[in-house]
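# Notes for the structure review
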Amino acid sequence: MKAWLRYVATTVALLALVIAAGCTASEPQTAAPPAESQSTSQTPTASVETTPLPLKAAKPVIYLYPQKTCEVLVGLRVDGTITHADPPLGSEGAWRVIADPSGTLTDAASGRVYPYLFWEADVVNRFEMPDGFVVAGPDTRAFLGRRLVELGLNAAESAQFIEYWASRMEDNAYNLVRFEGPAYEQAAALDVSPEPDTRIRVFMLFHKLDAPVAIQPQLLPRPATRQGFVLVEWGGAEFPSTP
């Protein structure tokens, strides 16, 4: 997969004060049960050409699961412009939070409590769709329920992902869906201190279709086993170009 980008960012200086020794996950986190059905193109004979356009990275959220309460600094370097962050990014251009094993985060500056870190951005990148999944709109929830498990999200994370994205997809006749990997890592890099032992980042691209297209099914990578200090992120974007 090809990807080119204009890299507009400054390197965030990462300096974290560990409150309690270690930031490793205390126990494995279970995934949601697989959905009953999915819908994909059955005749993968062609890829879909896409046009390089800015994308709106919508509601990426970042969960942190340490073993013991500790302070964590999370820097975000985006190829584009960050349009929203909650809690607000600090003077270091990063989030500084107190992370609890339950996943609860306390903003070090304000003392406010958050379930996750939230951001949105206009990402300047080129994503291509040489493979993916064609999903009928009414099958969206079942499809996502199955695929998110395969990508490593647990039950709560999957439910939140589906709650946000399914309503944007299930009224379409069909959706072309692809889960991004290296291109997304280049478009939105995370610098974290202490460094997580496990990272799981799920970023979905989708495009509304009036009729199904033939495309090579995407082979999803095996997710990392959750161990140690675990960072999980999910988000997505609607691809604006016409296949």
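Predicted, not measured: the structure shown is a model, and the values here were computed from it.

### Digging into the sheet that holds strand β12 (residues 216-217)
Overall, mixed pairing links the 8 strands, which are arranged β3-β7-β1-β13-β11-β9-β8-β12 in an open sheet. On the outer flanks of this sheet lie β3 (80-86) and β12, each paired with one strand and no other. Direction of pairing for strand β8 (residues 131-136) relative to β12: parallel, over a ladder of 2 bridges. Its bridge partner being in β12, Asp131 is matched across the sheet by Gln216.

### As for the pairing of strand β2 (residues 70-78)
In terms of burial, β2 is largely enclosed, as 9 of its 9 residues are buried. Residues Cys70, Val72, Val74, Leu76 and Val78 point to one face of β2 and Glu71, Leu73, Gly75 and Arg77 to the other, with burial holding for every one of them. Bridging between β2 and strand β4 (residues 94-99) involves 6 bridges; their strand directions are antiparallel. When the bridges of β4 are listed, Val72 appears paired with Val97. Strand direction decides the pairing type here: β2 and strand β10 (residues 188-193), joined by 6 bridges, are antiparallel. Within β10, the position partnered with Val74 by the bridge is Val192.

### Some words on the packing of helix α1 (residues 140-151) against helix α2 (residues 155-165)
Axis separation between α1 and α2 bottoms out at 10 Å; the angle between their running directions is 145°. α2 is crossed by α1, and the crossing has right-handed handedness. On α2, the residues touching Arg141, Leu144, Gly145 and Leu148 of α1 are Ser158, Phe161 and Ile162.

### Details of the sheet that holds β4
Strand pairing in a sheet relies on backbone hydrogen bonds, with the paired strands running either antiparallel or parallel. Strand order in the open sheet formed by 5 strands is β6-β5-β4-β2-β10, with antiparallel pairing between adjacent strands. A single partner strand is all that each edge strand has here, and the edge strands are β6 (113-114) and β10.

### Thoughts on the environment of Pro88
Tracing the sequence through the fold places Pro88 in the loop between β3 and β4. Taking C-alpha positions, Pro88 is 9.1 Å from Asp107, a pair spaced 19 residues apart along the chain.

What counts and what doesn't
Residues numbered from 1 in each chain as written. Predicted model: local features only at pLDDT ≥ 70, side-chain atom pairs only at ≥ 80, totals over all residues. Heavy atoms only, no water. Pairing = 2+ DSSP bridges. Helix = DSSP H or I, 4+ residues; strand = E, 2+ residues; numbered from the N terminus. Buried < 20%, exposed > 50% of the residue type's maximum accessible area, 1.4 Å probe, protein only. Axes fitted to C-alpha atoms, helices over the stretch in contact; angles between N-to-C directions. Left-handed = near helix turned anticlockwise from the far one by under 90°. Contact = heavy atoms within 4.5 Å.

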